[in-house]
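Tertiary structure, described
Listed here are the chains, written in short residue letters.
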Amino acid sequence: MTTSELPDFVEHFFVEVLETIKDKNKDYSGEGTDAFRNFKRCETYGIKAEVGMFVRLLDKVGRLSSFLEKGELVVKDEAVEDTLKDLAGYTAILAAFLAYKKSKTIFPPHKH
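Below, the structure is looked at part by part. (Residues numbered from 1 in each chain as written. Predicted model: local features only at pLDDT ≥ 70, side-chain atom pairs only at ≥ 80, totals over all residues. Heavy atoms only, no water.)

Moving on, we come to the packing of aromatic side chains. Working definition: an aromatic ring pair is given by the centre-to-centre distance plus the angle between the planes. The tally for this structure, following the rule as stated, stands at five aromatic pairs. Ring centres of Phe36 and Phe97 lie 5.0 Å apart, and the angle between their planes is 75°; on these two criteria the pair is classed as edge-to-face. Here the residue Phe36 occupies a position in the loop between helix H1 (5-29) and helix H2 (37-40), and Phe97 occupies one in helix H4 (residues 80-103), the gap between them amounting to 61 residues. For the pair shown, Phe36 and Phe97 are each scored as buried. Ring geometry for Phe39 versus Tyr90: centroids 6.1 Å apart, planes at 80°, classification edge-to-face. Of this pair, Phe39 sits in helix H2 while Tyr90 sits in helix H4, placing them 51 residues apart in sequence. Each member of the pair, Phe39 together with Tyr90, is buried. (Phe/Tyr/Trp six-rings, centres within 6.5 Å; stacked < 30°, edge-to-face > 60°. Helix = DSSP H or I, 4+ residues; strand = E, 2+ residues; numbered from the N terminus. Buried < 20%, exposed > 50% of the residue type's maximum accessible area, 1.4 Å probe, protein only.)

So, in structure tokens, the structure goes:
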């Protein structure tokens, strides 16, 4: 991969992460509702939503660590690339949640 190809790869990677976040958020939180609703469910069990998000990140780190140690994954339906995208997605969601908690609003989308 060349230095000029890397940004294109990263852009494509994050476009796929964003599309997955949009689709899964509709499944987990519902259309037009609290975007963090599924994570806030942790709070009914005394676990802060952000801790619940962090646990999901740790699950993905564990799967990635296993792959790096063994060189393969037992569950073939989810590729290591999917795990990496999930890590990026959960990191972005956690960043959005922390920004929301701090200011009770999400900053406006970045304009190109």
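There is more to say after this.
Of all hydrophobic cores here, the largest spans 13 residues; its most connected members are Phe36, Phe39, Met53, Leu57, Ile93 and Phe97. Among the elements that take part in this core, H4 stands out by supplying six residues, more than any other. (Core = buried A, V, L, I, M, F, W, Y, C linked by side-chain atoms within 4.5 Å.)

Relative to the 36 Å expected for 25 residues at 1.5 Å per residue, H1 spans 36 Å between its end C-alpha atoms, a close match to the ideal helical length. Among the residues of H1, Phe13, Val17 and Ser29 are the ones counted as buried. The elements touched by buried residues of H1 are H2 and H4. Positioned one or two residues after H1, Gly30 has a phi angle of 90°, which is positive. (Expected span 1.5 Å × (residues − 1). Contact = heavy atoms within 4.5 Å.)

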